[in-house]
Amino acid sequence: MEAKAGFTLLFFSFLSLSSVFCKSIDLETLVLQSLPKPRTLTWPIQESSETFTVPDSETILSVQLHSRDSLFFNATPETLFKLRLRRDAVRAKTLNAAVKVAAYSNNGNFSSSVISGLAQGSGEYFTRLGIGTPPKYVYMVLDTGSDVVWIQCSPCRKCYTQADPVFDPTKSTSFSGVTCGSPLCRQLESPGCNQRQMCLYQVSYGDGSFTVGDFSTETMTFRKTRVDNVALGCGHDNEGLFVGAAGLLGLGRGKLSFPGQTGPRFGQKFSYCLVDRSASSKPSSVVFGEAAVPRTAVFTPLLSNPKLDTFYYVGLSGISVGGVPVRGITESLFKLGVDGNGGVIIDSGTAVTRLVRPAYAALRAAFLAGAADLKRAPDFSLFDTCFDLSRKTEVKVPTVVMHFVGADVALPASNYMIPVDNNGSFCFAFAGTTSPLSIIGNIQQQGFRIVYDLAGSRIGFAPRGCA
């Protein structure tokens, strides 16, 4: 009798799911693209001696961003993609570790800069900035998951290889050390002091690598616009960090990040737009100031983690597939706990969106039901929902809409069905995680201008925002 009842329940569950997708569902056309080749780096004419200084009142900055793949000139598209997924796995693991440590720390003052950064795969996008006076232009990684700003400096006790000469602070007229007793030095997580009573910084990463040096203030030049008195670490001992960029520009929510330091000068607003690597020759960009906020943006409130102030938390209340809300995906799955666990962050350095396991399982089932006519393909890396679309130029796929609190974000098909090789294999670009933390990755952010309005304590999404 119990077996019969169980069969009846299973039958009606299947019938319920089938009936949803027997109805007309919302579909979107996916134009098939190959894996992108690395692009040649190009920058606006900017490395001149003509500059003007940003006043204390609000102003605007804008610079180009390029993906890390641009640094690998001879790698094949397949190799670049596998490297990206490998970095992505490390990145997600590190972000989860940062939250876990913060949640279980006694004082609640843990800074994520201790565990996230260049060595942990955060260097997905970089720009070219001038450091010092006169400005020396170098590549800097931008990362919303870090609060620290630092560069390699000579003399080097140990420095990794970078594309440009290592910055020499003795040749800059605007370089200034920070004293141990200054309020700026006391903002560091673990400040040090040398024999001359000058402030030292140290940032340690989860794999044992680190950067150590003088904590200082310096001028940074964005194209021809000078921003004075930016607090940064001048690293003389940088071990285990093997990236072509000279350092890192932290864009996190902490006080020592670039937005945290310069907020009043830019209205406490910045945004970036990451182009689809497969479909656009335009560069990505980051904008600081009022121009960072498009009129077309829809907004969701920023949430605060009481144990960790670096990451950008948002509320996710559900997801729709084919125009139908997915059963089983509720706001309670993504709740940020008072202990600092759980929640949803939006992150520039993570590629693939990761959802807590019950939410992902429901999303995957709904998508498979709506894409039943597509030929399946073997799993690939972390992707367990893949399709063989060889010998096709376009296909119809169910629409996907992410319902943030107060903001519905309809994803283009290319933001969730991506090529994983050049043989026609495409995968559904979401993944499940056993961690309580969900992460909105940069594949899903492509083509949107993502607005960080810290003055209004909100995150915005503007479609087609890279124009």
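Note that the structure is predicted; figures quoted are calculated from it, not measured.

(A) Highlighting unusual backbone geometry. Here the bond from Thr-133 into Pro-134 is cis, since omega is -5 degrees, no more than 30 degrees from zero. For Pro-134, the position within the fold is in the loop between β4 (125-131) and β5 (136-143). The omega torsion across Ser-154 and Pro-155 is 0 degrees, close enough to zero to call that bond cis. Tracing the backbone through its elements, the reader meets Pro-155 in the loop between β6 (149-152) and β7 (176-177). Although it is not a glycine, Ser-457 adopts a positive phi angle of roughly 50 degrees. With respect to the helices and strands, the residue Ser-457 is situated in the loop between β30 (449-453) and β31 (458-462). You can call Ser-457 partly exposed: its relative accessible area is 33%.

(B) Looking closely at the pattern of salt bridges. Considering all chains together, one arrives at 10 salt bridges under this definition. Residue Arg-354 is joined to Asp-88 by a salt bridge in which the shortest nitrogen-to-oxygen separation is 2.7 Å. Taken together, the residues span a long stretch of sequence, with Arg-354 in strand β20 (residues 353-356) and Asp-88 in helix α2 (residues 77-104) at a distance of 266 residues. By relative accessible area, which is 2% here, Asp-88 ends up buried. Here Asp-228 ties to Arg-226 by a salt bridge, and the two come within 3.4 Å at their closest N and O atoms. On the basis of relative accessible area, Asp-228 is assigned to the partly exposed category, the value being 21%. One network of salt bridges, in which partners are shared, links Arg-91, Asp-143 and Asp-347.

(C) Examining empty space enclosed by the protein more closely. Summed over the entire model, instances satisfying the criterion amount to 3 cavities of 30 Å³ or more. Around the largest cavity sit Leu-65, Tyr-125, Leu-142, Thr-144, Leu-251, Tyr-272, Leu-274, Val-286 and Ser-348, which together line it. Of the residues assigned to the lining of the largest cavity, the class counts are 7 nonpolar, 2 polar and no charged. Considering the residues around the second largest cavity, the lining is formed by Ile-346, Met-402, Phe-404, Val-409, Leu-411, Ile-440, Gln-444, Gln-445, Phe-448, Ile-450 and Phe-461. Counting only elements with at least two residues in the lining of the second largest cavity, the list comes to β24 (400-404), β25 (407-411) and α6 (442-445). Here the lining of the second largest cavity is composed, by residue class, of 9 nonpolar, 2 polar and no charged.

(D) Main features of the packing of aromatic side chains. A full pass over the atoms with the stated rule returns 17 aromatic pairs. Ring geometry for Phe-81 versus Phe-380: centroids 6.0 Å apart, planes at 35 degrees, classification tilted. Here Phe-81 is found in helix α2, whereas its partner Phe-380 is found in the loop between β21 (376-377) and β22 (386-388), with 299 residues between them in sequence. Among the residues examined, Phe-81 registers a relative accessible area of 8% and is labelled buried. Ring centres of Phe-258 and Phe-266 lie 6.3 Å apart, and the angle between their planes is 35 degrees; on these two criteria the pair is classed as tilted. Here Phe-258 matches Phe-266 in class, with each residue buried. Each member of the aromatic cluster is reached from another via a ring pair, and the members are Phe-222, Phe-258, Phe-266, Phe-270, Tyr-272, Phe-288, Tyr-312 and Tyr-452. For the cation-ring pair, Arg-128 lies above Tyr-139, with the distance from its terminal atom to the ring centre recorded as 4.6 Å.

(E) Molecular detail of the sheet that holds β21. With antiparallel pairing, the 4 strands of this open sheet are ordered in space as β21-β22-β27-β26. Only two strands of the sheet have a single neighbouring strand rather than two, namely β21 and β26 (417-419). One ladder, built from 2 bridges, connects β21 with β22; its direction is antiparallel. Note that in β22 the partner of Arg-376 across the bridge is Phe-387.

(F) Fine view of the pairing of β30. Across the 5 residues of β30, 5 count as buried, placing the element largely inside the fold. Pairing of strand β13 (residues 269-273) with β30 involves 5 bridges; the strand directions are antiparallel. Bridge pairing links Cys-273 to Arg-449 in β30. The sheet contact formed by β30 and β31 spans 5 bridges and is antiparallel. Looking at the pairing, Ile-450 lines up with Phe-461 of β31. Between β30 and the antiparallel strand that follows it, β31, lie 4 residues; Ser-457 among them carries a positive phi value of about 50 degrees.

Parameters and conventions
- Residues numbered from 1 in each chain as written.
- Predicted model: local features only at pLDDT ≥ 70, side-chain atom pairs only at ≥ 80, totals over all residues.
- Heavy atoms only, no water.
- Helix = DSSP H or I, 4+ residues; strand = E, 2+ residues; numbered from the N terminus.
- Buried < 20%, exposed > 50% of the residue type's maximum accessible area, 1.4 Å probe, protein only.
- Salt bridge = Lys/Arg side-chain N within 4 Å of Asp/Glu carboxyl O.
- 1 Å grid on protein atoms, 1.4 Å probe; cavity = no way out; pocket = protein on both sides within 12 Å on 5 of 7 lines; lining within 4 Å.
- Points joined across faces, edges and corners; volume = space filled by probe spheres on them.
- Nonpolar A, V, L, I, M, F, W, Y, C, P; charged D, E, K, R; others polar.
- Phe/Tyr/Trp six-rings, centres within 6.5 Å; stacked < 30°, edge-to-face > 60°.
- Lys NZ or Arg CZ within 6 Å of the ring centre and 35° of its normal.
- Pairing = 2+ DSSP bridges.

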